[in-house]
Every structure is written in C-alpha cells, then in structure tokens.
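This is what each chain is made of:
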Amino acid sequence: MQIHPFVRSAVLLAALAALGSPAFASKEKPVVGISLDTLKQERWQHDRDTIEARVKALGGTVIATSANGDDTRQVSDIDALISNHVDVIIVVPHNGEALTRAVEAAKEAGIPIIAYDRLILNCDIDLYVTFDNVKIGALMAQYVVDRVPKDHPGRIVCVYGAQTDNNAKLLKQGQDSVLLPLVKAGKINIVHADWAADWNSENGKKIVNAAIAKSPQPIDGVVASADSVAGGVCQALLEEHLAGKVIVTGQDADRAACQRVMRGSQTMTIYKPLKQLADYAAQAAFDLAQGKKISAPNSIDNGFKKVPAVFQDVTVVDKDNMFSTVVKDGFQKAEDLK
Ligand code: GAL
C-alpha cells in the first residue's frame, strides 16, 4: 500500500510525540535520534539495529527515522527530531550537500551531530565515523586487475555509486588511483563507466547492459562500488550467460552478496565491521549528549571545518576467507550462505 508522504510524516510526528519529551531525556539516559537515508539496502537495517542495541545497553533510548532516499523528507525528519528534543542525532545523509540547513537548526538547538559512514558537507558537525573509502576503492580495483586475463588489455567496467553520496566519489578516487596508471600503460581499458543513482541495483544492471552493448569483445571485470549495485551487475551478466566468467566486486558483505560470492556470480565483497562503527557511534553519542569532549584519531575537512574522524578497518572477502571472517564474526550465518 502506498502511504502518502504527509500521512507518513504525521505518523512519524505522532510516534515521536509519544516516544519522548524534554522531561523524558536526561544526560544519563540520553535520547539518541537516528536519521537514515534509507532502509531499502540491507546494511542500513543492520546499522540501525546495532546502534539501537548499543544505545539501549548503555541505558539510552533511540528514535530512528528513514527518509526513503528523499532529501526533503530527511530535512523534515531531522526537524522532527529537533522538535522532539533528542540529545544528539546520528545522520546517514542521502545527499551530503542537502542537509546544511537541517544541521544548522540542530546546532542552534544545541544538539550535536554525528555523520555516520557518510560525510555531511559544508556545515558544523561534531564527529564523522566511517571506513577509509579511498582505500576500499583501491582494494576493489586491485582485486580486479590482479585477476583479469593478461593476454590482452583487461576490459573493465566501473559502476560507481550515487553521485549525491560523498563516499561514491572517494571510492572512485581510490579506484582511479589503481586503474588510471594501468590505462596509461596500455594494460587495461575502461570500456564503460557510470554512476548508479541511489546505489540502486536496477541502475547497476542498466550500466552493465550498456557496457555489454557497447563493447564488441567480452568484458573481463566490473568494479562495482557496493553490493547493492553488484546485485544488478550480476543479474545483467546472468542474462547474458556471463555469470561467473567476469570478476565482480562489491562491499558491505550483505547476505545476498555473500551468497553470490559463495555461488560464484560475484567474486568478492568488502567486509566492513558495522558493529565496531555502530558501537563507536553509540558511545560517542552518549559522550556528546553528556557534554564530554570527543577526541578522534583523525580529522577530515568537510568544507566548513576539520571534523574529528574515525576510520575503522575493512577486510577483502571472497570464497576463500568468507568463513574465517564474515561468518566467524557472526555477521552472516553459515547456514544462510549455502
Ligand atoms: C555508501 C556506503 C556503502 C554502501 C552504499 C549503499 O555510502 O559507503 O557501504 O552501503 O552507501 O548503501
């Protein structure tokens, strides 16, 4: 059933009003707002659940909203969290450049902001917790170039992520650092490259369809920037009877992607230990809500200031180490990957 956006907002506001009030929040038991871009991709459900579990274990409460990939809705979600006097907001922006005003409003209300895995640009945020996306991009590209045939220049397709997401640009930067010198040396060809709007699987499929239509010779590898788009990439290859014959990357270790890796249609994914990120964000949310100073090992310029930043480590995963990494950590269950 389609729910009209105004009805959804009204339901959200009613839920917020019921859940919390200024009297409910306290420094010892803060109310943590979470504003998500979307819950359509598996990983963000995982992130939300893990942050919520940690906040509750610490004694706090969570109010989570999801904007369904809509900038206007994400701004009104954040406004609603502000009106509800949450103590701190953890934000996964749909569009890193569209939340300046909403973040300013939160700051005016004295509410700290944590950018969670995606940077929010040009505004005053308190902390950025993430993974090193430039490194992830380089790891994906290196995985492909190491494995494509060497008897001809490898024919490679790049499926970048959403252009509205700063991560997609950082991933491309990492990919380019590996691919462009090899293009220059005549060792590989990038036969087609495009951005998959909203990290959507269907858009990933369209890009590979276009690449296959355009390239007279079979492609050797697809550098797909995340598992969500890799799903569409593998579908396009399957329809062309190319599944398993082309190297395909991804990231997130989503269940469907890990299944594809074990079955051979996707070659690798990158495991990002979301629990570490979520636990860090939850603890930092508490510290900020309680007025403690946050110290972080790194910093990153978001166009407004040098934002304290934390980068968690990642692991390249393929069939060979799936069980000793993703499964061992309990991130995916062995029985789900058969
Ligand atoms: C990116 C993130 C990826 C992936 C993607 C699609 O921002 O870095 O890990 O989750 O969003 O949701």
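Parameters at a glance
Residues numbered from 1 in each chain as written. Predicted model: local features only at pLDDT ≥ 70, side-chain atom pairs only at ≥ 80, totals over all residues. Heavy atoms only, no water. Pairing = 2+ DSSP bridges. Helix = DSSP H or I, 4+ residues; strand = E, 2+ residues; numbered from the N terminus. Right-handed = clockwise from strand over helix to strand, strands pointing away. Near = heavy atom within 4 Å. Polar contact = N/O pair within 3.5 Å; in protein donor to acceptor, adjacent residues only side chain to side chain. Areas by Shrake-Rupley, 256 points an atom, 1.4 Å probe, with all protein chains shown as cover. 1 Å grid on protein atoms, 1.4 Å probe; cavity = no way out; pocket = protein on both sides within 12 Å on 5 of 7 lines; lining within 4 Å. Sits in = over half its atoms within 2 Å of the grid points. Nonpolar A, V, L, I, M, F, W, Y, C, P; charged D, E, K, R; others polar. Domains from an automatic or database assignment. Axes fitted to C-alpha atoms, helices over the stretch in contact; angles between N-to-C directions. Expected span 1.5 Å × (residues − 1). Buried < 20%, exposed > 50% of the residue type's maximum accessible area, 1.4 Å probe, protein only. Contact = heavy atoms within 4.5 Å. Buried area = accessible area lost by both parts, 1.4 Å probe. Salt bridge = Lys/Arg side-chain N within 4 Å of Asp/Glu carboxyl O.

For the rest of this paragraph, the subject is the pairing of strand β7 (residues 188–195). Across 7 bridges, the pairing between strand β6 (residues 154–160) and β7 is parallel. In the sheet register, C158 faces β7, and the bridge partner there is A193. Regarding topology, helix α6 (residues 166–184) serves as the crossover connection from β6 to the parallel β7, and that connection is right-handed.

Moving on to the site of the ligand. Around the ligand lies a shell formed by Q41, R43, W44, D117, R118, N133, D165, N167, W199, Q251, D252 and K272. One of the side-chain N or O atoms of D165 is found 2.5 Å from an oxygen atom in the ligand. Here N167 contributes a side-chain N or O atom positioned 2.9 Å from an oxygen atom of the ligand. Relative to its unbound accessible area of 300 Å², the ligand is 100% covered by the protein chains. When atoms are counted within 2 Å of each cavity's grid points, the one that captures over half of the ligand is the largest cavity. Grouping the constituent residues of the shell around the ligand by class yields 2 nonpolar, 4 polar and 6 charged. Composition of the shell around the ligand by domain shows at least three residues from each of domain 1 (5–125 + 274–312) and domain 2 (133–272 + 316–337).

Attention now moves to the sheet that holds strand β1 (residues 31–36). One open sheet accounts for 7 strands, arranged β2-β1-β3-β4-β5-β12-β11; its pairing is mixed. The open sheet terminates on both sides in strands that have one partner only, identified here as β2 (61–66) and β11 (298–301). Across the sheet, the axes of successive neighbouring strands diverge by a mean angle of 25 degrees, strand direction being ignored. Relative to strand β12 (residues 306–312), strand β5 (residues 127–131) runs parallel, the two being bridged by 4 bridges. Among the inter-strand pairings, V129 is bridged to a residue of β12, identified as V310.

Here we come to helix α5 (residues 133–147). In this model, α5 (15 residues) spans 22 Å end to end at C-alpha, consistent with the 21 Å of a helix rising 1.5 Å per residue. For α5, the full list of buried residues reads N133, I136, G137, M140, A141, Y143, V144 and V145. Measuring from the side-chain oxygen of the N-cap residue of α5 to the backbone nitrogen of V134 gives 3.2 Å; that N-cap residue is D132.

One can read the domain layout of the protein as domain 1 (5–125 + 274–312) and domain 2 (133–272 + 316–337). Listed per partner, the contact involves 13 residues of domain 1 and 16 residues of domain 2. Taking both partners together, domain 1 and domain 2 bury about 1,300 Å²; carbon and sulfur atoms supply 41% of that area. On inspection of domain 1 and its partner domain 2, the count reaches 3 salt bridges. Among the ionic pairs, R43 bridges to D252, the shortest N-O distance being 3.9 Å.

Another point: the pattern of salt bridges. This model, assessed by the stated rule, comprises 17 salt bridges. In this structure, K272 engages D117 in a salt bridge whose closest nitrogen and oxygen atoms are separated by 3.5 Å. Here D117 lies in the loop between β4 (113–116) and β5 and K272 lies in the loop between β10 (268–271) and α10 (274–289), a separation of 155 residues in the sequence. According to the relative accessible area criterion, K272 is buried, its value standing at 2%. A relative accessible area of 0% places D117 in the buried class.

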